[in-house]
Amino acid sequence: MDRTDALRDLLEGIRAGTIDVDKGMSQLRDLPYLEMGHTRFDMHRKLRNGFPEVVYGAGKTPEQVAEIFTRLRGLSHVLATRVSPEMAEHVLASCPEATYNPLGRTLTMLHGELTFKPGEIGIITAGTSDLPVAEEARVTCEMLGSRAWVISDVGVAGVHRLFDRLDELRKARVLIVVAGMEGALTSVVGGLVSQPLIAVPTSVGYGANFAGLSALLGMLTSCASGVTVVNIDNGFGAACAACRINNLFAE
């Protein structure tokens, strides 16, 4: 049960008389946000925009992230992105029920079972080197309630590999295309499918790709119409956008 369900149960209990007003006020005190000194974790974000707050690990200390996970244990699902192995080890010492994904650099902790909206999100990578960004997107999609799968290494240097998977791609409600180098896979996929397409440029490539800038510019100037582009290496942002779209279908 997440905080949205807890708030609903609280209001129902007050209405039914099984929870008195003073006890209800006590429970409401910590609902808007959880005060930790270094962090004020937003507990009402899901009520406002449909998604809970996510922990951005980079720049935080292992101790800070461990406290966030410890304080949220038993309250809601927790997702942290950009988590180093050292940070994950520190958090897992306090919360062994958490799960670290070293490829996607995500750390998750569940409160009960995940529930999924209908529909699936397909994630495509141009190369194997793009998998860390794709895996961040996949884990984020699932933590936000949309099933997701990854098809990797189908870039334009061997475009026949993509054509072999078109039937699978066309079954997804939303597609995320992850590519580095010149980012050409976005235009190819955008010309072959009708689904909403979110492009993620990655920093994969040799020096002249300017740490992903060439892929970003290539995707922004794609000749395929209707392509949406997020920032370099932002698998998390692409997943959030894809889940918003999938949620509209579900509703």
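Here the structure is shown first, and the text comes after it.
Note that the structure is predicted; figures quoted are calculated from it, not measured.

## Thoughts on unusual backbone geometry
A positive phi angle, near 50 degrees, is found at Met181, a position not held by glycine. One can find Met181 in the loop between β9 (174-179) and α9 (185-190). Judged by relative accessible area, Met181 falls into the partly exposed class, the value being 40%. Of note, the phi angle at Phe210 is positive, near 55 degrees, even though the residue is not glycine. Of note, Phe210 is situated in the loop between β10 (197-201) and α10 (213-220).

## Observations concerning helix α6 (residues 131-143)
Between the first and last C-alpha of α6 there are 18 Å, a value that for 13 residues agrees with the 18 Å anticipated at 1.5 Å per step. α6 sits mainly inside the fold: ten of its 13 residues count as buried. The set of residues buried in α6 consists of Leu131, Val133, Ala134, Glu135, Glu136, Ala137, Val139, Thr140, Cys141 and Met143. Immediately beyond the C-terminal end of α6, within one or two residues, lies Gly145, with a positive phi of roughly 100 degrees.

## Here's the deal with the pattern of salt bridges
Pairing between side chains becomes possible if they bear opposite charge and their charged atoms approach one another. Scanning all chains against the criterion turns up eight salt bridges. Between Arg71 and Glu67 there is a salt bridge, with the nearest N and O atoms lying 3.7 Å from each other. Within this pair, Arg71 and its partner Glu67 are both found in helix α4 (residues 62-72), separated by four residues, close to a single helical turn. By relative accessible area, which is 35% here, Arg71 ends up partly exposed. A relative accessible area of 29% places Glu67 in the partly exposed class. Counted as one network, the salt bridges with shared partners bring together Glu135, Arg138 and Glu142.

Conventions we followed
Residues numbered from 1 in each chain as written. Predicted model: local features only at pLDDT ≥ 70, side-chain atom pairs only at ≥ 80, totals over all residues. Heavy atoms only, no water. Helix = DSSP H or I, 4+ residues; strand = E, 2+ residues; numbered from the N terminus. Buried < 20%, exposed > 50% of the residue type's maximum accessible area, 1.4 Å probe, protein only. Expected span 1.5 Å × (residues − 1). Salt bridge = Lys/Arg side-chain N within 4 Å of Asp/Glu carboxyl O.

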